[in-house]
Amino acid sequence: MRTLIVCLAIATGLSGSLALMGQQKQPPAKLTFTTKNGNVTFDHAAHVTREKGDCATCHPKLFMQDAKAPLNFKAGLHKTAEMNMTSCGACHHPSGPAFESKGNCAKCHMKG
Ligand code: HEC
Ligand code: HEC
Ligand code: HEC
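For clarity, every value in this text was computed on a predicted model and none was experimentally measured. (Residues numbered from 1 in each chain as written. Chains lettered and ligands numbered in written order. Predicted model: local features only at pLDDT ≥ 70, side-chain atom pairs only at ≥ 80, totals over all residues. Heavy atoms only, no water.)

Draft legend 1. Summary view of the site of ligand 1. In the vicinity of ligand 1 there are 22 residues, among which H44, C55, C58, H59 and A67 approach most closely. A distance of 3.3 Å separates an oxygen atom of ligand 1 from a polar atom in the backbone of D66. Per-element accounting of the shell around ligand 1 gives the leading share, three residues, to helix α3 (residues 44-50). Within the shell around ligand 1, the residues separate by chemical class into 14 nonpolar, five polar and three charged. (Near = heavy atom within 4 Å. Polar contact = N/O pair within 3.5 Å; in protein donor to acceptor, adjacent residues only side chain to side chain. Helix = DSSP H or I, 4+ residues; strand = E, 2+ residues; numbered from the N terminus. Nonpolar A, V, L, I, M, F, W, Y, C, P; charged D, E, K, R; others polar.)

Structure below.
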């Protein structure tokens, strides 16, 4: 148990977790979404860093702070969310700040 707590503290980044303690839930380092098209690993820490630590870019307007909540990104092979700039499509859309889905399936989906 003790080892587990130490590992978790290291994984989430000690300074970050201390700063956040008592304020809000711990941000995960990475989340894996299981899909029929191959699993998607979402590097939560890298996304937070790029947004300069601003949780409000994504929470709660784009996503719940709950890895079990639906992402609502899959409709119309991501075209719906890209067009409406919702979910991952808020940034991942044609000429957006992050790569669009077209031509970039393998950047997100890992085929086993
Ligand atoms: C670039 C977007 C983005 C930013 C910025 C972001 N998150 Fe998240 N976060 C997500 C996504 C996506 C999920 C998963 C939502 C889902 O599965 O429906 C998530 C899930 C979470 C969860 C739930 C983890 C679990 O295991 O259930 C927590 C807690 C969380 N975020 C905290 C934070 C905190 C704290 C910050 C700011 C330091 C932050 N997030 C910034 C996108 C973001
Ligand atoms: C707030 C904007 C934003 C949101 C929302 C967002 N991303 Fe990103 N994402 C970025 C940026 C910026 C990059 C880096 C630039 C690039 O590679 O085009 C990136 C890069 C990535 C990468 C490459 C690996 C990495 O992190 O550097 C993956 C995979 C990825 N995003 C998946 C997702 C998934 C899945 C979602 C929804 C659960 C999502 N992103 C939501 C902005 C976002
Ligand atoms: C920015 C990352 C990203 C890119 C790029 C991307 N996907 Fe996805 N894809 C996801 C995520 C995350 C999910 C889960 C979405 C949800 O649950 O709403 C998903 C779900 C899917 C599903 C639904 C599978 C199921 O389990 O029902 C299909 C099909 C799919 N993607 C196909 C594609 C194809 C084809 C491409 C390339 C044209 C692509 N994706 C590009 C992140 C991405």
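Draft legend 2. Representation of the coordination of the iron atom of ligand 3 in the model. Looking at the iron atom of ligand 3, the protein donor atoms are H78 (NE2) and H109 (NE2), and they sit 2.0 Å from it. One can describe the donor arrangement at the iron atom of ligand 3 as octahedral, given that its six donor atoms subtend angles of 87 to 180 degrees at the metal. Of this pair, H78 sits in the loop between α3 and α4 (79-84) while H109 is found in strand β3 (residues 109-110), placing the two residues 31 residues apart along the sequence. (Donors = N, O, S within 2.8 Å, 3.2 Å for Na, K, Ca; no water. Tetrahedral: all angles 85-135°; square planar, octahedral: opposite > 155°, others 65-115°.)

Draft legend 3. Representation of the packing of aromatic side chains within the structure. On inspection of all chains with the given rule, the structure shows zero aromatic pairs. Across the ring face of F99, the terminal group of K107 is positioned such that the distance to the ring centre comes to 4.8 Å. (Phe/Tyr/Trp six-rings, centres within 6.5 Å; stacked < 30°, edge-to-face > 60°. Lys NZ or Arg CZ within 6 Å of the ring centre and 35° of its normal.)

Draft legend 4. Unusual backbone geometry, seen in detail. In this chain, H59 is followed by P60 through a cis amide linkage whose omega measures 0 degrees. With respect to the helices and strands, P60 occurs in the loop between α3 and α4. Despite not being glycine, K52 shows a phi value in the positive range, around 55 degrees. Among the secondary structure elements, K52 is positioned in the loop between α3 and α4. Unlike most non-glycine residues, L77 shows phi in positive territory, near 50 degrees. Checked against the element boundaries, L77 lands in the loop between α3 and α4. For L77, a relative accessible area of 72% corresponds to the exposed category. (Buried < 20%, exposed > 50% of the residue type's maximum accessible area, 1.4 Å probe, protein only.)

Draft legend 5. Main features of the site of ligand 2. Around ligand 2, the structure places 19 residues, and the nearest of them are H47, R50, C88, C91 and H92. H47 is positioned with one of its side-chain polar atoms (N or O) 2.9 Å from a nitrogen atom of ligand 2. R50 places a side-chain nitrogen or oxygen 2.8 Å from an oxygen atom of ligand 2. If one sorts the elements of the shell around ligand 2 by residue count, strand β2 (residues 39-42) sits on top with three residues. Of the residues contributing to the shell around ligand 2, the split by class is 11 nonpolar, four polar and four charged.

Draft legend 6. View of the pairing of β2. Relative to β2, strand β1 (residues 31-33) is paired through three bridges, and the arrangement is antiparallel. Within β2, the residue paired with F33 across the bridge is V40. Where β1 hands over to β2, the hairpin turn is made up of five residues, of which G38 adopts a positive phi near 105 degrees. As paired strands, β2 and β3 are joined by two bridges and run antiparallel to one another. By the bridge assignment for β3, N39 is matched with M110. (Pairing = 2+ DSSP bridges.)

Taken by themselves, the reported measurements are silent on function.
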